[in-house]
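Tertiary structure, described
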Amino acid sequence: MPVLEGKELRIVGFLCNWCSYGGADTAGVARAGQPTDLRVIRVPCTGRVDPLFIVKALLEGADGVLVSGCHPRDCHYSVGNFYARRRLEVVREFLPVIGIDPRRFAYTWVSASEGQRWQEVVQKFTAEIHDLGPAPRLEDAKPLLRLADMALTSLHPLGTGEKAALAELKEAIKAKLPELEFVIGWQQGYDAAHTVPLFMKTPEDVDKLVWGPLNVNNLAVYLPQFKGRKVGIVVKGCDSRSIAELLQEKLINREDVTIFSIPCEGVLDMARVNTELGRYTKIDSVTMDEASVTITADGKEHRFCMTECAQGKCYGCTTPGAVIADQRFGTPVEVTPAAHTPPELAMLDAMSLEERMGFWKAQMERCLRCYACRNACPMCVCRDYCISDARDPHWMSQGESARDKLFFQTIHALHLAGRCTGCGECQRACPVGIPILALRQQIARAVGKLFGGYQSGINPEAIPPLLTYAVEEPHIHERDW
């Protein structure tokens, strides 16, 4: 404190027009002394404060951000601050995962008549920011590259699905096909070690359908573009959660979609497979037993055990069977309930804030900005109007800085707050293997913590928590000042 005494830091304040801005004005009229660090931005309502405002301010160099609005039940738009309270709590839980100290952000309520209270709020928050000192900058962070430990215990047995009821599934699809335009599934891709989406329109197409740990794509990403048309889809458990979420948001019609499901025993982490295979000219063969996949490339065998090479999401999967389906095949997989932290998130939890910032700096410097993560996400449904491409408002540059890329990933993660089903398509599609799923997992953890264990994509009838509010929030403890 003595070193910083007398020096200003940069604090951004978002104040609602009707109450807190009036309170600040009242304090000024009363000649109440206030620190000069605060730069005020007047907004119509705290409900207008997008959490991205806060993250952008902190990434762009602010040392602290304060949001202040009307007291609960006093909002001039009736419930704007109730919605804001949920969003602001989620963003406060999110900040540490990218290396930002959550104490650098606070929100409170001050009415237009509370000039003295405004003075106290500003003085206390400014003092706290001075205690923390200038915020670390992403540009100054020391890059840190680290891999997650994948040696995990799964909540259910992992395997290759060798005994899956594929023949019964094919017969059911052929029987249903005359009523549908097509059914989406998987077929062998450019070699035996990869699969690609299959759009089945004839019985001959159905014979190409394959099932197993190589079916990595989440096919639900295609459904919104076929809204209003009769289609079918084959799903894994995590894919079915995406469909449930699409139904929640009315992006598809339940009566238009026929869902076929087989219990999933896990899918391979293709990034690890490709790393192990290295450069090769030809895949000679792929064979499977119940526990592993053996890929022979250029005459050399590579064995991938499912318990060691499954995608990180599979270890903590609680829905190997579909949460919603019209026709189910095969024997349900038993799940052992237990607390579980995804491997990438567990790695970040073990780091300090400084290390996390360095980790994301190193990862974002590898990012190609190809937007494959966005395009593969089944819940990223506004890509035609994506904020990353917009020039009005111009939120992002097309620069190559790690800060711009991290901000884009933050936008994507926050847009999925209460909506991400954890399918991992963003991370799987990343051509350079950046573990960006961890950002979504942190959001999901925050939503579960704040809203009674809510999980997205489980109940198609539920209302996503950030699309509603409660006057008294049982799991949100607001600051006293």
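For the structure itself, look to the data block above.
Here is what the cut-offs are and how they apply
Residues numbered from 1 in each chain as written. Predicted model: local features only at pLDDT ≥ 70, side-chain atom pairs only at ≥ 80, totals over all residues. Heavy atoms only, no water. Helix = DSSP H or I, 4+ residues; strand = E, 2+ residues; numbered from the N terminus. Rg over C-alpha atoms; globule rule 2.2 N^0.38 Å. Buried < 20%, exposed > 50% of the residue type's maximum accessible area, 1.4 Å probe, protein only. Contact = heavy atoms within 4.5 Å. Areas by Shrake-Rupley, 256 points an atom, 1.4 Å probe, with all protein chains shown as cover. Lys, Arg positive; Asp, Glu negative; His and termini not counted. Charge placed at Lys NZ, Arg CZ, Asp CG, Glu CD. Axes fitted to C-alpha atoms, helices over the stretch in contact; angles between N-to-C directions. Left-handed = near helix turned anticlockwise from the far one by under 90°. Nonpolar A, V, L, I, M, F, W, Y, C, P; charged D, E, K, R; others polar. Pairing = 2+ DSSP bridges. Polar contact = N/O pair within 3.5 Å; in protein donor to acceptor, adjacent residues only side chain to side chain.

Moving on to the overall build of the protein. Across its full length, the protein holds 16 helices and 12 strands. At 25 Å, the protein has a C-alpha radius of gyration in line with the 23 Å of a compact globule built from 481 residues. Overall, the C-alpha framework of the protein stretches about 80 × 45 × 45 Å when taken along its three principal axes. Considering the protein as a whole, with its 481 residues, one finds that 55% of them fall into the buried category. Restricting to contacts in the protein with at least 6 residues of sequence separation, those with at least 24 account for 76%. Of the roughly 21400 Å² of accessible surface on the protein, a fraction of 51% belongs to carbon and sulfur atoms. For the protein, the distance from the average site of its 54 positive side-chain charges to the average site of its 59 negative ones is 3 Å.

Right, let's talk about the packing of helix α2 (residues 51-59) against helix α3 (residues 80-94) for a bit. One way to put it is that α2 packs onto α3 with a least axis distance of 9 Å and a crossing angle of 35°. With respect to the hand of their crossing, α2 and α3 are arranged in right-handed fashion. Contacts between α2 and α3 involve Pro51, Ile54 and Val55 on the former and, on the latter, Arg87, Leu88 and Val91. Broken down by class, the residue content of the contact of α2 with α3 amounts to 5 nonpolar, no polar and 1 charged.

Looking now at unusual backbone geometry. Most peptide bonds adopt trans geometry, and most residues besides glycine take a negative phi value. You will see that arginine 31, though not glycine, has its phi angle at about 60°, which is positive. Along the polypeptide, arginine 31 turns up in the loop between α1 (20-29) and β2 (38-43). The class for arginine 31 is exposed, based on a relative accessible area of 77%. Unusually for a residue other than glycine, arginine 73 sits at a positive phi of about 80°. Here arginine 73 is to be found in the loop between β3 (64-69) and α3. Under the relative-accessibility criterion, arginine 73 is labelled exposed at 56%.

One ladder, built from 5 bridges, connects strand β9 (residues 283-288) with strand β10 (residues 292-297); its direction is antiparallel. Within β10, the residue paired with threonine 287 across the bridge is threonine 294. The loop that links β9 with its antiparallel partner β10 comprises 3 residues.

Strand order in the open sheet formed by 5 strands is β6-β5-β7-β8-β12, and the pairing between neighbours is mixed. Of all strands in the sheet, those with a lone pairing partner are β6 (195-200) and β12 (327-328), marking the two edges. Direction of pairing for strand β5 (residues 182-188) relative to strand β7 (residues 231-235): parallel, over a ladder of 3 bridges. Of the residues in β7, the one forming a bridge with phenylalanine 182 is valine 231.

Moving on to the environment of aspartate 207. With respect to the element layout, aspartate 207 can be found in the loop between α6 (203-206) and β7. Setting aside anything within four residues of it in sequence, one finds aspartate 207 in contact with Lys170 and Lys174. Here the side chain of aspartate 207 touches lysine 174 through a polar contact of 2.8 Å, side chain to side chain.

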